[in-house]
Amino acid sequence: MLSHNGGISLVFWGKQAYHIILYGLTTILFTENPKAIIMRLMKKLGVNVDHIATLREQRKEGNPSLVDATKLAIDSGADIITIHLREDRRHIQDADLWDLIKFVPVLNLEMAATEEMIGIAIDAKPTMVCLVPEKREELTTEGGLDLISHRELIGDATKRLQAEGIQVSLFIDAEDEVVDAAKAIGADIIELHTGSYARARVGSPEQDTELARIQTATQRGVVAGLQVNAGHGLRQDNVGRIAGISEVSDLHIGHSLVADALFVGLGDAIRQMKALI
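To start, this report covers the structure provided alongside it. Predicted, not measured: the structure shown is a model, and the values here were computed from it.

### Things to note about the packing of helix α8 (residues 176-185) against helix α10 (residues 205-223)
(1) Moving on: Running from amino to carboxyl end, α8 crosses α10 at an angle of 25°, the nearest separation of the two axes being 10 Å. Between α8 and α10, the angle is such that the two are roughly parallel. Between α8 and α10 the crossing geometry is right-handed. Side by side, α8 and α10 meet where Asp176, Val179 and Asp180 of the first sit next to Thr216, Ala217, Arg220 and Gly221 of the second.
(2) Moving on: Along the lines of polarity and charge, the residues of the contact of α8 with α10 split into 2 nonpolar, 2 polar and 3 charged.

### With respect to the sheet that holds strand β1 (residues 44-48)
(1) Moving on: Pairing is parallel in the closed barrel, where 8 strands are placed in the order β1-β2-β3-β4-β5-β6-β7-β8. The average undirected angle you get between the axes of adjacent strands in this sheet is 25°.
(2) Moving on: In this structure, strand β7 (residues 227-231) lies alongside strand β8 (residues 248-253), joined through 3 bridges in parallel fashion. If you follow Ala230 over to β8, its bridge partner there is Leu251.

### Concerning the pattern of salt bridges
(1) Moving on: For the structure on display, the rule yields 16 salt bridges.
(2) Moving on: With a shortest N-O distance of 2.9 Å, Lys274 and Asp79 are connected by a salt bridge. Of the two residues, Lys274 is situated in helix α13 (residues 266-276) and Asp79 in the loop between α4 (66-75) and β2 (80-84); the sequence distance between them amounts to 195 residues.
(3) Moving on: The salt bridge partner of Arg241 is Asp208, with a shortest N-O separation of 2.8 Å. Here Arg241 is found in helix α11 (residues 239-243), whereas its partner Asp208 is found in helix α10, with 33 residues between them in sequence.
(4) Moving on: We classify Asp208 as partly exposed; its relative accessible area is 35%.
(5) Moving on: Where salt bridges share partners, they join Arg56, Glu57, Lys60 and Asp96 into one cluster.

The rules behind these values
Residues numbered from 1 in each chain as written. Predicted model: local features only at pLDDT ≥ 70, side-chain atom pairs only at ≥ 80, totals over all residues. Heavy atoms only, no water. Axes fitted to C-alpha atoms, helices over the stretch in contact; angles between N-to-C directions. Helix = DSSP H or I, 4+ residues; strand = E, 2+ residues; numbered from the N terminus. Parallel < 35°, antiparallel > 145°, perpendicular 65-115°, else oblique. Left-handed = near helix turned anticlockwise from the far one by under 90°. Contact = heavy atoms within 4.5 Å. Nonpolar A, V, L, I, M, F, W, Y, C, P; charged D, E, K, R; others polar. Pairing = 2+ DSSP bridges. Salt bridge = Lys/Arg side-chain N within 4 Å of Asp/Glu carboxyl O. Buried < 20%, exposed > 50% of the residue type's maximum accessible area, 1.4 Å probe, protein only.

If you want it as structure tokens, here you go:
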């Protein structure tokens, strides 16, 4: 963080980064096999900028600038930019998608599998689309897609998007039958919902149980030939155990980064998270 006292803040960030990176490298070198080391070094951070737009929409005056925030995120190490274009347009707007598509190297568009959204995605052609369940009354996405009940709907959306050269990810719960359904549908990627893990107290038996479910689903997805991502509710104090699953490819994180940015700035929040994963 460079505001108020750039020199002191920069030194503070340097020391913090040093300890985080040193701890991470020590853990990797002494506890993981060579394949796991390579997988961890290839892990990517997807930064969800929805809640920058949430703040902007409180007054609808264009401040803070989503474009400027996104450029800062990329400059600070974000490998992927994620936005969720909801049907009620509570934060991200259609114009945001078109603004970001102009310069974001890897854009992940989260959306419901509706005709309107499929049409928008086909027109904009983001790098990838992550299909998610959506309810207007929810504050945030509450669970994974029901691929058992809506297999035909999701399968059709998947095929239509892939035909336009768009990779398709399915946001799902860490359950064997759902992973199998994602493979049968023809998805390129699955993103495992980590909400229950994130809500459990760090290090608790409940969190251990949720972690085991995610590990099992990850292995099943990899064996099936799927790329496995994870996200929802991940923070600095709980991300390490998910990042430690070497086969997990990308971690998608948003709310906690924006919350941390209130105290250390968006750039440092992203750099700190990158060091942790």
